[in-house]
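Residue-level structural notes
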Amino acid sequence: MKDYYRILGVSEQAAEKEIKAAYRKLAKKYHPDTNQGNAQAAERFKEATEAYNILSDPEKKKMYDQ
(Lines give C-alpha, C1' and ligand atoms only; values in the text may rest on other atoms or scores of the structure.)
Protein backbone atom coordinates (compact mmCIF):
# COMPACT_ATOMS: atom_id res chain seq x y z
CA MET A 1 0.00 0.00 0.00
CA LYS A 2 1.30 3.43 -0.90
CA ASP A 3 2.11 5.87 1.90
CA TYR A 4 0.22 8.94 0.74
CA TYR A 5 1.47 11.01 3.66
CA ARG A 6 5.07 10.29 2.69
CA ILE A 7 4.35 11.06 -0.97
CA LEU A 8 3.05 14.51 -0.03
CA GLY A 9 5.64 14.99 2.70
CA VAL A 10 3.17 15.66 5.50
CA SER A 11 2.49 14.04 8.86
CA GLU A 12 -0.56 11.89 9.57
CA GLN A 13 -1.88 14.71 11.75
CA ALA A 14 -1.60 17.27 8.94
CA ALA A 15 -4.54 19.61 8.55
CA GLU A 16 -6.43 19.90 5.26
CA LYS A 17 -4.67 23.22 4.60
CA GLU A 18 -1.22 21.61 4.97
CA ILE A 19 -2.18 18.73 2.67
CA LYS A 20 -3.40 21.14 0.02
CA ALA A 21 -0.24 23.28 0.25
CA ALA A 22 2.00 20.22 -0.02
CA TYR A 23 0.09 18.98 -3.06
CA ARG A 24 0.25 22.35 -4.81
CA LYS A 25 3.99 22.54 -4.26
CA LEU A 26 4.55 19.07 -5.74
CA ALA A 27 2.08 19.64 -8.58
CA LYS A 28 3.89 22.79 -9.60
CA LYS A 29 7.27 21.05 -9.45
CA TYR A 30 6.29 17.88 -11.33
CA HIS A 31 3.51 19.05 -13.65
CA PRO A 32 3.87 17.52 -17.15
CA ASP A 33 3.66 20.96 -18.80
CA THR A 34 6.81 22.09 -17.00
CA ASN A 35 8.59 18.73 -17.39
CA GLN A 36 7.82 17.71 -20.95
CA GLY A 37 9.32 14.39 -21.90
CA ASN A 38 10.26 13.54 -18.29
CA ALA A 39 8.50 10.27 -17.48
CA GLN A 40 9.74 10.24 -13.88
CA ALA A 41 8.27 13.69 -13.21
CA ALA A 42 4.97 12.62 -14.78
CA GLU A 43 4.85 9.57 -12.50
CA ARG A 44 5.56 11.72 -9.41
CA PHE A 45 2.78 14.08 -10.49
CA LYS A 46 0.34 11.16 -10.79
CA GLU A 47 1.34 9.85 -7.35
CA ALA A 48 0.92 13.28 -5.76
CA THR A 49 -2.49 13.71 -7.39
CA GLU A 50 -3.61 10.27 -6.23
CA ALA A 51 -2.42 11.01 -2.69
CA TYR A 52 -4.19 14.37 -2.66
CA ASN A 53 -7.44 12.86 -3.97
CA ILE A 54 -7.46 10.40 -1.06
CA LEU A 55 -6.26 12.68 1.73
CA SER A 56 -8.38 15.69 0.78
CA ASP A 57 -11.65 13.73 0.91
CA PRO A 58 -12.69 13.15 4.56
CA GLU A 59 -14.41 9.82 3.84
CA LYS A 60 -11.58 8.43 1.70
CA LYS A 61 -9.01 9.65 4.24
CA LYS A 62 -10.88 7.93 7.07
CA MET A 63 -10.94 4.63 5.15
CA TYR A 64 -7.25 4.99 4.19
CA ASP A 65 -6.22 5.68 7.80
CA GLN A 66 -7.86 2.46 8.95
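Below is a summary of the structure that appears in this document. Keep in mind it's a predicted model, so treat the numbers as computed, not measured.

With respect to the overall build of the protein
When you go through the protein residue by residue, the secondary structure sums to four helices and zero strands. Starting at the N terminus and ending at the C terminus, the protein contains elements arranged as α-α-α-α. The C-alpha radius of gyration computed for the protein amounts to 12 Å, which stays within 12% of the reference 11 Å derived for 66 residues, consistent with globular compactness. Based on the C-alpha atoms only, the size of the protein along its principal axes is roughly 35 × 25 × 15 Å. Looking at the protein residue by residue over its 66 residues, the buried ones come to 30%. One finds the centroid of the 13 positive side-chain charges in the protein at a distance of 6 Å from the centroid of its 11 negative side-chain charges.

Considering the pattern of salt bridges
Counting across every chain of the model gives two salt bridges. Where Lys2 meets Glu50, a salt bridge forms, and the shortest distance between an N and an O atom there is 3.2 Å. One end of the pair, Lys2, is in the segment before α1 (4-8); the other, Glu50, is in helix α3 (residues 39-55), with 48 residues separating them in the sequence. Overall, Lys2 belongs to the partly exposed group, its relative accessible area being 37%. Given a relative accessible area of 32%, Glu50 falls into the partly exposed group. Linking Asp65 and Lys61 is a salt bridge whose minimum nitrogen-to-oxygen distance equals 3.5 Å. Separated by four residues within a single helix, Asp65 and Lys61 lie in helix α4 (residues 58-65), roughly one turn from each other.

Reading the values: rules and limits
Residues numbered from 1 in each chain as written. Predicted model: local features only at pLDDT ≥ 70, side-chain atom pairs only at ≥ 80, totals over all residues. Heavy atoms only, no water. Helix = DSSP H or I, 4+ residues; strand = E, 2+ residues; numbered from the N terminus. Rg over C-alpha atoms; globule rule 2.2 N^0.38 Å. Buried < 20%, exposed > 50% of the residue type's maximum accessible area, 1.4 Å probe, protein only. Lys, Arg positive; Asp, Glu negative; His and termini not counted. Charge placed at Lys NZ, Arg CZ, Asp CG, Glu CD. Salt bridge = Lys/Arg side-chain N within 4 Å of Asp/Glu carboxyl O.

Taken by themselves, the reported measurements are silent on function.
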